[in-house]
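# Overview (structure and organization)
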Amino acid sequence: MVKRLVTIERHILEKEREYPGATGTFTGLLYDMALSAKLIHRETSRAGLLDILGAVGTVNSSGEVQQKLDVFADQMIYKMNDHTGRLCAMASEERESIIDIPPHFDTGKYVLLYDPLDGSSNIDSNVSIGTIFAIHKKVTSGVRGTMEDLLQPGNRLVAAGYVVYSVSTMMVYSTGQGVHGFTLDPSLGEFLLSHENIRIPDKPHYYSANLGNLSHWTPGVRRYAEWLGGYHGNPNPLSLRYIGSMVADFHRNLLHGGVFFYPGDLRKPDKPYGKLRLLFEAQAVAFLAEQAGGAASDGIGRILDIQPTTLHQRVPLFVGNRELVEAAEGFIREYDQAWIEAYAPYRQAVVT
Ligand code: AHG
Ligand code: MN
Ligand code: MN
């Protein structure tokens, strides 16, 4: 018997039909992301063949060396979205400031924030990488988008998702009605629904963090890591898995249960917030985790309630099963007062 095949386009359309008055703009926007993902997949899957590996020599806005595929992916997503009339502005991890829609194209009512290639240090060793995207509704009244439209707390997201380029290429997204996963069938060139309504399993299996940073972590985070591994009376130790591409680590933990964390530390007292970016990385996975029944915190409170102040703002991140995220907050509350005070000026919680 032939099974019912649901392409990502059909799925998005069917979901949108549930909203009376929907115009199709949103459907088009997600479909453009899926198409960008296919083009990036095509490039990443041939990376070893095409002499496109290695750094291009330029440095991105956070001072990291850009890989060629970073640049390709950044331009691909930009080009797929600059002329559609669906967006009023964009922002990319690879670019310093707001990306305006060119003046000769129409603008729309959404903004798109994206990390074109996540885990790019893994490219030249053929390890999983990803793309992350987040979509907010425009909140200002002018024709063009502004920073105010980009700097919105995650609790206002209208959609977010990621693509993981791995054994298979998958796109996972949520519009606030659960989390749905699609696997690319390369022979068809279509993303097919393979994981409907993903829920993080109640029983977690993995913890994921760069334990090479252990000596830099605060006492509470160190103790938390030990607890996850079975010390301090934890009767349910977890296995360690760490890929070093957040998308891939998050995806595995979403399917099997667990926690991924990249904490802040006190190595540089003026930078107590860790490595990951609030707008390009943390908001999207926090939104997806919550939609799948999990949680995400900066160690103090909910990631989605943090009011961004700058585009490339960094944030500590603990994401996965709710009880594991809450345990991190508990250890930090108990042992990390000095860090909490150092980090407080960088954190603006939304008053809800
Ligand atoms: P990006 O490639 O977009 O700069 O992100 C890399 C991030 C994230 O994917 C990963 O979890 C983390 O950096 C790994 O950092 P470490 O190498 O410090 O563990
Ligand atoms: Mn990244
Ligand atoms: Mn990146």
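Please refer to the structure placed before this passage.
The notes below deal with the structure included here.

Definitions and limits used
- Residues numbered from 1 in each chain as written.
- Chains lettered and ligands numbered in written order.
- Predicted model: local features only at pLDDT ≥ 70, side-chain atom pairs only at ≥ 80, totals over all residues.
- Heavy atoms only, no water.
- Near = heavy atom within 4 Å.
- Polar contact = N/O pair within 3.5 Å; in protein donor to acceptor, adjacent residues only side chain to side chain.
- Areas by Shrake-Rupley, 256 points an atom, 1.4 Å probe, with all protein chains shown as cover.
- Helix = DSSP H or I, 4+ residues; strand = E, 2+ residues; numbered from the N terminus.
- Donors = N, O, S within 2.8 Å, 3.2 Å for Na, K, Ca; no water.
- Buried < 20%, exposed > 50% of the residue type's maximum accessible area, 1.4 Å probe, protein only.
- Expected span 1.5 Å × (residues − 1).
- Core = buried A, V, L, I, M, F, W, Y, C linked by side-chain atoms within 4.5 Å.
- Domains from an automatic or database assignment.
- Contact = heavy atoms within 4.5 Å.
- Pairing = 2+ DSSP bridges.
- Axes fitted to C-alpha atoms, helices over the stretch in contact; angles between N-to-C directions.
- Parallel < 35°, antiparallel > 145°, perpendicular 65-115°, else oblique.
- Left-handed = near helix turned anticlockwise from the far one by under 90°.
- Nonpolar A, V, L, I, M, F, W, Y, C, P; charged D, E, K, R; others polar.
- Phe/Tyr/Trp six-rings, centres within 6.5 Å; stacked < 30°, edge-to-face > 60°.
- Lys NZ or Arg CZ within 6 Å of the ring centre and 35° of its normal.

So, about the site of ligand 1. Taken together, 18 residues lie near ligand 1, and D118, G119, N210, Y242 and Y262 sit nearest. With respect to ligand 1, the side chain of D118 contributes an N or O atom lying 2.7 Å from an oxygen atom. A distance of 2.9 Å separates an oxygen atom of ligand 1 from a polar backbone atom of M246. Notes on ligand 1: free accessible area 480 Å², of which the protein chains cover 86%. Mapped onto the shell around ligand 1, the elements with two or more residues apiece are β5 (110-118) and β13 (258-262). Sorting elements by how many residues they give to the shell around ligand 1 places β5 first, with three residues.

What follows concerns the coordination of the manganese ion (ligand 2). Only D115 (OD), D118 (OD) and E281 (OE) from the protein coordinate the manganese ion (ligand 2), and they sit 1.8 to 2.2 Å from it. Positions of the donor residues of the manganese ion (ligand 2), expressed as sequence spacing, correspond to D-x2-D-x162-E. Overall, E281 belongs to the buried group, its relative accessible area being 2%.

Here helix α2 (residues 25-45) contains 21 residues, and its C-alpha end-to-end distance of 30 Å stays within 8% of the 30 Å for a straight helix at 1.5 Å per residue. Counting buried positions along α2 yields 17 of 21 residues, so the element is predominantly enclosed.

On the protein side, the manganese ion (ligand 3) has E93 (OE), D115 (OD) and L117 (O) as donor atoms, found 2.2 to 2.3 Å from it. In this structure, the manganese ion (ligand 3) lies 3.7 Å away from the manganese ion (ligand 2), the two metals sharing D115 as a donor. Here E93 is found in the loop between β3 (87-92) and β4 (99-100), whereas its partner L117 is found in strand β5, with 24 residues between them in sequence. The same class applies to E93 as to L117, namely buried.

We now examine the nonpolar core. Y162, Y224, L228, L254, F261, I303 and L317 are the most contacted members of the largest nonpolar core, which totals 58 residues. Summarising the domain contributions, this core has at least three residues from each of domain 1 (8-195) and domain 2 (206-347). L228 has contacts with Y207, N234, P237, L238, V259, F261 and L324, leaving out every residue within four places of it along the chain. In terms of nonpolar packing, the next biggest core, distinct from the first, is built from 37 residues, L39, M76, M80 and I99 among them.

Before going further, it helps to spend a moment on the sheet that holds strand β12 (residues 239-240). If you walk across this open sheet you meet the five strands as β12-β11-β13-β15-β14, and the pairing is mixed. The open sheet has two free edges, formed respectively by β12 and β14 (295-297), since each of these has just one partner strand. Alignment of β13 against strand β15 (residues 317-320), held across four bridges, turns out to be antiparallel. Across the sheet, Y262 pairs through a bridge with L317, a residue of β15.

For the rest of this paragraph, the subject is the packing of helix α1 (residues 8-17) against α2. Interhelical geometry of α1 versus α2 gives an angle of 160° and a closest axis separation of 9 Å. Taken together, the axes of α1 and α2 lie roughly antiparallel to each other. Remark: the crossing between α1 and α2 carries right-handed chirality. Together, I8, E9, I12, L13 and E16 of α1 and T25, F26, T27, L30, Y31 and A34 of α2 make up the contact between the two elements. Along the lines of polarity and charge, the residues of the contact of α1 with α2 split into seven nonpolar, two polar and two charged.

Counted according to the given criterion, the structure contains 14 aromatic pairs. The interplanar angle of 55° and the centroid separation of 5.9 Å between the aromatic rings of W227 and F331 together place this pair among those described as tilted. Taken together, the positions of W227 in helix α5 (residues 219-228) and F331 in helix α8 (residues 322-335) put the pair 104 residues apart, joining distant regions of the chain. One aromatic cluster is present, formed by W217, Y224, W227, F261, F318, F331 and Y335 through successive ring pairs. Seen from the ring of Y78, R95 lies directly overhead, with NZ or CZ sitting 4.8 Å from the centre. Stacked on the ring of Y206, the Lys or Arg R252 has its end atom at 5.5 Å from the ring centre.

Turning our attention to the side chain of N81. With respect to the helices and strands, N81 occurs in helix α3 (residues 68-81). By relative accessible area, which is 1% here, N81 ends up buried. Separated by 2.8 Å, the side chain of N81 and the backbone oxygen of I77 make a polar contact. Residue contacts for N81: discarding those within four places in its chain leaves L29, D32, M33, S36, L87, M90, I101 and L112.

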